[in-house]
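Letter by letter, the chains look like this.
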Amino acid sequence: MFKNLKALLFFFFYVSTINIFFAFGVQGQTVNISGSVKNEAGRSPLPFVNIIVKQEIDTSFVTGTISNEEGIFNLSALNPGKYFVIFSVIGFHTKTLPLEVGRLSPYLDMGNVLLSEMVQELEDIIVEGQREDISEALDRKTYTIDENISQLGGSVLQAMQNLPGITIDQEGKIYIRGSDKVAILLDGKQTAITGIGAQSGLENFPASSVDRIEIINNPSSKYDATGNAGIINIIFKKEKDEGWNGKVGMIAGLGNPFLKKQSMEGLRSQYQYNPKLNPSFSVNYRKNKVNFFFNGDLLWHKQMMKNEFTDRFFNDGTTIRQQFIENRTQPIYNLRTGLDYNIDERNSLTFSTLFNYREYTDLGDILYTGDANRLWQYYENEVNQTLFVTLTHVHKFKKPGQSLTSSLNYSFRRKDEVFNFTNLDEGIFGTDTTALIADEHIIDANIDFVKPLRSGRIELGTKQRSRVFPNFITFNPGFNSILDPNLAGSAEYREWLSAFYGNYVLERKNWELEAGLRLEYVDVDYLVDPNHAVYESAGFDYFEPFPSLRASYYISDKSNLTFFYNRRVDRPEEKDLRAFPTYADPEILSMGNPTLIPQFTQSVEAGYKLTMDKSYFYSAIFHRSSRNILTRIITEFPGTNRLVSVDQNGGNGWNTGLELVWSGKINDFISVNINSTLYQNRIAAFSIINAYPGMVRFDRTEEKNFTGNVKLNGLLKFGKYTELQLTAIYLAPDIVPQGRILARYHVDAGLTRKIQNGNGELFVNASDLFNTLVISYQLEGNDFALNSDDFFETQVFRLGYNYRF
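Being a predicted model, the structure only gives us computed values, none of them experimental.

*Asks:* Looking at this structure, I do not really get the environment of Ser-559. What am I missing?
*Replies:* As for its position among the elements, Ser-559 is in strand β26 (residues 559–570). Judged by relative accessible area, which is 5%, Ser-559 ranks as buried. In this structure, the C-alpha to C-alpha distance between Ser-559 and Tyr-608, residues 49 residues apart in sequence, is 7.3 Å. Excluding anything up to four places from it in sequence, Ser-559 contacts Tyr-553, Tyr-554, Tyr-608, Lys-609 and Leu-610. At 3.1 Å, the side chain of Ser-559 and the side chain of Ser-556 are in polar contact.

*Asks:* Looking at this structure, how should I read the pairing of strand β22 (residues 456–477)?
*Replies:* Working note: regular strand, side chains alternate between the two faces of the sheet. Here strand β21 (residues 428–453) pairs with β22 via 20 bridges, running antiparallel. Paired with Ile-442 across the bridge in β22 is Arg-467. Connecting β21 to the next strand, β22, in antiparallel fashion are two residues. As paired strands, β22 and strand β23 (residues 489–507) are joined by 18 bridges and run antiparallel to one another. Its bridge partner lying in β23, Pro-470 is registered against Glu-492.

*Asks:* Would you mind showing me how to read the pairing of strand β30 (residues 630–636) here?
*Replies:* For β30, a buried count of six out of seven residues is recorded, marking the element as mostly surrounded by other parts of the structure. As paired elements, β30 and strand β31 (residues 643–649) share seven bridges and run antiparallel to each other. Considered in β31, the bridge of Glu-636 is made with Leu-643. Where β30 folds back onto β31 in an antiparallel hairpin, the turn is made up of six residues, including Gly-639, whose phi is positive at roughly 80°.

*Asks:* Would you mind showing me how to read the packing of aromatic side chains here?
*Replies:* The way to describe two aromatic rings as a pair is by their centre distance and the angle between their planes. This structure, assessed with the given rule, holds 18 aromatic pairs. Centre to centre, the rings of Phe-686 and Phe-698 are 6.2 Å apart; their planes meet at 50°, and the pair counts as tilted. Here Phe-686 is found in strand β34 (residues 686–690), whereas its partner Phe-698 is found in strand β35 (residues 696–700), with twelve residues between them in sequence. Taken individually, Phe-686 and Phe-698 each receive the classification buried, so the pair is uniform in this respect. Among the aromatic residues, ring-to-ring pairing joins Phe-324, Trp-376, Tyr-378, Phe-419 and Phe-421 into one connected group.

*Asks:* Help me understand the sheet that holds strand β8 (residues 140–144), please; the structure alone is not making it clear to me.
*Replies:* Either a parallel or an antiparallel arrangement is found when strands of a sheet pair, and the pairing is made through backbone hydrogen bonds. The strand order β8-β12-β13-β11 describes an open sheet built from four strands, whose pairing is mixed. This sheet does not close on itself; its edge strands, each paired only once, are β8 and β11 (182–186). If you compare each strand with its neighbour and ignore which way they point, the axes differ by 15° on average. Sheet analysis places β11 next to strand β13 (residues 230–236), joined by five bridges and oriented parallel. The residue bridging Leu-185 from the neighbouring strand is Asn-233, located in β13.

*Asks:* I keep staring at the pattern of salt bridges and nothing clicks. Help me out?
*Replies:* For side chains bearing opposite charge, pairing can occur when the charged atoms are close. Enumeration over the complete set of coordinates arrives at 41 salt bridges. With a shortest N-O distance of 3.2 Å, Asp-576 and Lys-575 are connected by a salt bridge. A residue is classified by how much of its surface remains accessible, and Lys-575, at 47% relative accessible area, is partly exposed. Residue Glu-702 is joined to Arg-682 by a salt bridge in which the shortest nitrogen-to-oxygen separation is 3.5 Å. Here Glu-702 is found in the loop between β35 and β36 (703–718), whereas its partner Arg-682 is found in strand β33 (residues 670–683), with 20 residues between them in sequence. By relative accessible area, Arg-682 is classed as partly exposed at 26%. In this structure, a network of salt bridges that share partners links the residues Asp-224, Arg-413, Glu-440, Arg-465, Arg-467, Glu-495, Arg-518, Glu-520, Arg-571 and Glu-573.

*Asks:* Please explain the confidence of the model for the protein as it appears in this structure.
*Replies:* Regions with low pLDDT should not have their predicted coordinates read in detail. Confidence in the prediction for the protein averages 86 pLDDT; 91% of positions are at 70 or higher. Every residue in residues 119–135 scores below 50 in pLDDT, and together they form 70 contacts with partners more than four places removed in sequence or on other chains.

*Asks:* What is the right way to look at the nonpolar core in this model?
*Replies:* It is characteristic of soluble globular proteins that their nonpolar side chains tend to be buried jointly. Among the nonpolar cores identified, the biggest contains 56 residues, and Tyr-378, Phe-475, Tyr-542, Leu-643, Val-644 and Tyr-692 are the most heavily contacted of them. With sequence-adjacent residues up to four places away left out, Tyr-542 is seen in contact with Glu-520, Tyr-521, Val-522, Val-569, Arg-571, Pro-598 and Phe-600. One finds Ile-168, Ile-176, Ile-193 and Leu-202 within the second-largest nonpolar core, a separate group that totals 27 residues.

*Asks:* Would you take a moment to explain the sheet that holds strand β2 (residues 50–55) for this structure?
*Replies:* Spatial strand order, β3-β2-β5-β6: four strands in an open sheet with antiparallel pairing. Strand pairing shows two members of the sheet lacking a second neighbour, β3 (61–66) and β6 (92–101), which therefore form its edges. Neighbour-to-neighbour, the strand axes of this sheet turn through a mean angle of 20°, independent of strand direction. Alignment of β2 against β3, held across five bridges, turns out to be antiparallel. Across the sheet, Val-53 pairs through a bridge with Thr-63, a residue of β3.

*Asks:* I tried to follow the environment of Tyr-107 on my own but got confused; where do I start?
*Replies:* Take Tyr-107: it is sitting in strand β7 (residues 107–115). Overall, the relative accessible area of 33% leaves Tyr-107 in the partly exposed class. Excluding anything up to four places from it in sequence, Tyr-107 contacts Asn-32, Pro-400, Gly-401 and Pro-452.

*Asks:* Where do I start with a nonpolar patch on the surface in this structure?
*Replies:* Together, Trp-244, Phe-292, Leu-339, Tyr-341 and Ile-343 give the surface a local cluster of nonpolar side chains, amounting to about 470 Å² of exposed area. Considering the arrangement of structural elements, one finds Ile-343 in the loop between β17 (319–342) and β18 (347–370). Given the relative accessible area of 32%, Ile-343 is considered partly exposed.

*Asks:* What exactly am I supposed to notice about the environment of Val-747 here?
*Replies:* Secondary-structure assignment places Val-747 in strand β40 (residues 744–755). Assessed through its relative accessible area of 1%, Val-747 is described here as buried. Residues Val-747 and Ala-766, 19 residues apart in the sequence, show an inter-C-alpha distance of 8.7 Å.

*Asks:* Quick question: what am I supposed to make of unusual backbone geometry here?
*Replies:* A negative phi angle is the norm for most residues apart from glycine, just as the trans form is the norm for most peptide bonds. Cis geometry marks the peptide bond from Tyr-692 to Pro-693, where omega comes out at 5°. Mapping Pro-693 onto the fold places it in the loop between β34 and β35. At Asn-628, a residue that is not glycine, the phi angle is positive and equals roughly 65°. By the element assignment, Asn-628 lies in the loop between β29 (615–627) and β30. The phi dihedral of Met-695 is positive, around 50°, even though this residue is not glycine. Looking at where Met-695 falls in the secondary structure, it is placed in the loop between β34 and β35. Using a relative accessible area of 58% as the deciding quantity, one classes Met-695 as exposed.

*Asks:* What should I look at first to understand the side chain of Asn-39 in this one?
*Replies:* Note that Asn-39 resides in strand β1 (residues 31–39). On the basis of relative accessibility, which here comes to 17%, the residue Asn-39 falls in the buried class. Once residues lying within four places of it in the same chain are set aside, the contact partners of Asn-39 are Ser-44, Leu-46, Phe-92 and Leu-115.

*Asks:* Is there a simple way to explain the side chain of Asn-327 in this structure?
*Replies:* Structurally, the position occupied by Asn-327 is in strand β17. Every residue in contact with Asn-327, bar those within four places of it in the chain, is listed here: Ser-269, Gln-270, Tyr-271, Gln-303, Met-304, Thr-361, Asp-362 and Leu-363.

Reading guide: rules and limits
- Residues numbered from 1 in each chain as written.
- Predicted model: local features only at pLDDT ≥ 70, side-chain atom pairs only at ≥ 80, totals over all residues.
- Heavy atoms only, no water.
- Helix = DSSP H or I, 4+ residues; strand = E, 2+ residues; numbered from the N terminus.
- Buried < 20%, exposed > 50% of the residue type's maximum accessible area, 1.4 Å probe, protein only.
- Contact = heavy atoms within 4.5 Å.
- Polar contact = N/O pair within 3.5 Å; in protein donor to acceptor, adjacent residues only side chain to side chain.
- Pairing = 2+ DSSP bridges.
- Phe/Tyr/Trp six-rings, centres within 6.5 Å; stacked < 30°, edge-to-face > 60°.
- Axes fitted to C-alpha atoms, helices over the stretch in contact; angles between N-to-C directions.
- Salt bridge = Lys/Arg side-chain N within 4 Å of Asp/Glu carboxyl O.
- pLDDT = per-residue confidence, 0-100.
- Core = buried A, V, L, I, M, F, W, Y, C linked by side-chain atoms within 4.5 Å.
- Patch = residues over 30% accessible without salt bridge, like charges linked within 9 Å, V, L, I, M, F, W, Y side chains within 5 Å.
- Areas by Shrake-Rupley, 256 points an atom, 1.4 Å probe, with all protein chains shown as cover.

Rendered as C-alpha cells:
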C-alpha cells in the first residue's frame, strides 16, 4: 500500500509541476571574415586598402577596416545576413562584392580579392558564418552545471542524471537513448580517469569543479570513433577575468536519512544519516601573456552503495533469497593546475596537470537464506591514484581562423585493492584474502589543422596512442577457502592506435554539408598468465573506415532540418577482458573474457528545430544498428546453485526511436523544459558459451520492447536573487540481453539565493526527494530465474555556500 501511495504522490507531483522548468539559454555567435587584397597584375599585396561593409537591405554602414602591409584584412563580429563589401584605394578601381554570412564556421576566408585599373567582374563569393547557437547544428547540447540547482554539491555523475536524454543505472553507467556505450572526455581529451573509449570515474569529480557539459550525439570524424551513443565532454572551470579572481565554496550534506527497506536479521546495519562534505577552492591569475589557474576540491562522504534483495529460483525447486549490503567511506581529492602562455600573437602554449586520489573502504554483508543459510562478509580497501599531464601548442596563421594545434598527453593510473573475506556456512568458518595491483600508462599525440575556405572549412588531423595496462592478482586462501587458485596470476593489456581524419564543411545560403572520414588502425593484445586455468592470451586488431555526415537545410532563420550518419566502434575495455573473478558475491561471481571482440554500430538520425521568441522545440528520429553487442551473461555452475556473470558478445541489436524537447519561458518568473525519448529496443537471437566454470551454453530468442523516459525540469524565480528548481524523472521498463529492467522514477528539488551583491550564493537541495528510486531486474538463465531489487542510497539533502572574489 505504501509503495502505491508513493507512486501516487509522484504522479501528483509530476502533474502539478508541468508548468515549471528551467530553459537553457541561447547565446548569439558572430563570424570573422578574412582575406587578402592583391594587385591583379602581378598578384603583389596591396596595403592600406579601405574596406567597408554595408547592409544589403538599406546600405547602412556596419563595420570597416584597412588591409595591413601584407594586404591581409580581418572583419570581425559580423552577424548572419547579407552584405556588400567595398574595397577602395587610390590608383585602383573600387570593387564591390556581395557577402552572405551564414551560421556555421566561426572563421571564413574570402581568399584573394584582386583590384586592377580594368573593370573585371569577379566571381560572386558567398561566405557563411556560425549560427547564433551551436546547438542549431543539432549535433550537441550544452548545459551549465551551476544552473542544475537540485544537484549542486554532488558528483558530476549525480548532476548528469537530470540532464535531458541521459539516464544512469545503479552501477553508475550512463545511457544515452538506451545505450551505455558513451565516451567521456575531460576538456576535450581522453584520460585514464574517465576511461579510454568507455566511461568510468565520473563519481570522482564534484559538480562544483565543472563549468559545463557537452552532449555530442553525432560526433564528427574529428573525434575518436568510440562511443556509439555519443560523447560527453566535461569542461572544467577556468576564469577569464584580468588579475586575481577565484571562488571558494563549502557544501555539507546528509544521505539516507530514511531507510527504504529494513535488513534481514544477522546483518550489519545499513549506513544511515550519512555525512557528505565538499570544500572547494579555485583561483585564476591573468596578466598580459600569462594565465595561471588552480582548482582543488575534496569530496568526502559515507554512502550505502548497495542494499540489494535477490531471489534465485531454480528448475529443481530450490529457492535462495539473499540480501547484499555494501557500506562505503570514501575521500576523493582533486588538484588541477596549469598555465596558458601566449608566446606571441600567433603562438600559445598550455600546460596543465590533473591529479586525482580516491580511496574507499567497503564493508560488505551478504546473508543467504533458503535451503542453506550462509553469511558472507568482506572488508575492501581500494586506492586509485591518477595523474594526467597535457602540453598543447597552438599556432595561428596570418589568415584568421587558420590554425595548427599539437598536443602531447600522458596518463598514469594505479589501482591497489585488497579484499579480506569471512565465510560462515552452516557453522563452518572460513577466511580468504585477494589482492590486485594494476598500473595503466597512456601516451597519445594529436595534431589538428583547420583552414577556412570561401564557403566553409577543412579539418585534418591524426592521433597516435600507446596504452599498456599490466595487472597482478593474488589469492591467499585461508581456513576452508572457497577461492579457485588456478584463476590468479598476471595479465597485461597492450593497445596501439593510429588514426587519421579529414572533415570538409561546405556552406550555402540555405544548406550546409559536413562530411568526414576517419581511418583507424587498432591492435590490442591481452596477455594472460600461461598457468591460468580457463583462458589463454588473446586480442583483436582492425583497420576500419569510420565515415560521418551531417546535412542541414534552413527552412528559415528560426527553423532547420538536419540529417546525420555515423559509423562507430566500441572496443572492450581492460576490465571487460580481465580474466580474474571478483568474489564480492561468492555465489554470483563476476569475471571478464579475453576473447571479446569490438562492437560496431551504424546510426542515422533526422532532426528538426524551431526557435521561437521565448522557447524552442526540437525533435529527432534515430536508428542504430549494432553487431557483436558487448554485454554480460549469467550462467550456472553445473551441479550447484551458484552463478557466474561473464562479459560476452551477444549478437546483433537495433535501437529505433524519437526524442522530443520543448524549452521555454512561460513568463518572467517561470521557465519550463520537457524532454522525452521514446524508442524500441530489439535484440536478435544469440548463443554464447561461458568458459567458466566449464563451457556452459546459453541461448536466447529474439526480444523487443517499446520503452522510453520523460524528464521535466522547471525553474521558478522569486525576485531577482532567488530561484527554485524542480526535476521529475520517469524511466519506463526496458529489456536487457537476459531479461528486463523495471520502471524507475524520482523527484529532485533545489533552492538558491544570491547574496553579498551577487558574489555569494546560498543553496539547499534534495535528490530523490520522496525516496522512490529502486532498481529492479528480472533475468532468466537456462535452469534458473533471478529477480533483484536494489534499495541503495539515493536520497541526499545538501546545504552549500559559494563566494566569488
